[in-house]
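Each chain, letter by letter, is given below.
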Amino acid sequence: MASTVTLGGKPFQVGGILPEKGQTAPAFTLVGKDLANVSLSSFAGQRKVLNIFPSIDTPTCATSVRKFNEKASGLNNTVVLCVSADLPFAQARFCGAEGLERVVTLSTMRGREFLEAYGVALSDGPLAGLAARAVVVLDGDDKVLHSELVAEIKNEPDYDAALKSLA
């Protein structure tokens, strides 16, 4: 079942189904900053905030990484995973230039099945092949505490709702 999001008000299809509160999150393997495979199980026992977005090289995506670095990084036993199609080199360059050390960047350069599994696969329009903007919050056992598919790609996610789910 496909969802729809907008970019500048124009609708685009999103493939897959966003995990809902109470479900167990789908397993995944993505690419970390050292080009090694990183799986969801790598963060077993930790709470996870998945900040999913098209590209770190756009203003809203960059803002979401900065804000989650600031807001969620002080939470106990919680890791912020920033997931995009950017190559690990670009992700590392951005975080290094911004001084962001409290987020983990993951690339969909391998593990593209993540896009469908998490209901964020943009399937048409200029961003086809990238991820729609979404936030999925998981407990230490990978149960979904909160999920949001942001309706307008240019808008920021609801940081407060995501972080309140961890309270």
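A short tour of the structure in this document, coming up. Please read all numbers here as calculations on a predicted model, not as lab measurements. (Residues numbered from 1 in each chain as written. Predicted model: local features only at pLDDT ≥ 70, side-chain atom pairs only at ≥ 80, totals over all residues. Heavy atoms only, no water.)

Strand order in the open sheet formed by three strands is E1-E2-E8, and the pairing between neighbours is antiparallel. Because the sheet does not close on itself, it has two edges, and the strands there are strand E1 (3-7) and strand E8 (121-122). (Pairing = 2+ DSSP bridges. Helix = DSSP H or I, 4+ residues; strand = E, 2+ residues; numbered from the N terminus.)

This part covers unusual backbone geometry. In this model, Asn77 sits at a positive phi of 50 degrees, which is unusual for a non-glycine residue. Tracing the chain through its elements places Asn77 in the loop between helix H1 (59-71) and strand E6 (78-84). Take Asn77: its relative accessible area is 46%, and that puts it in the partly exposed class. At Asp142, a residue that is not glycine, the phi angle is positive and equals roughly 70 degrees. Structurally, Asp142 is set in the loop between strand E9 (134-138) and strand E10 (144-149). Residue classification places Asp142 among the buried positions, given a relative accessible area of 15%. (Buried < 20%, exposed > 50% of the residue type's maximum accessible area, 1.4 Å probe, protein only.)

Quick look at the nonpolar core now. Core analysis: the biggest nonpolar cluster contains 28 residues, and Phe28, Leu50, Ile52, Phe114, Tyr118, Val120 and Val136 have the highest contact counts within it. At the level of secondary structure, the elements contributing two or more residues to this core comprise strand E5 (47-52), E6, helix H3 (113-117), E8 and E9. Discounting chain neighbours no more than four positions away, the residues touching Ile52 are Val83, Phe114, Val120, Ala131, Ala132, Arg133, Ala134 and Val136. (Core = buried A, V, L, I, M, F, W, Y, C linked by side-chain atoms within 4.5 Å. Contact = heavy atoms within 4.5 Å.)

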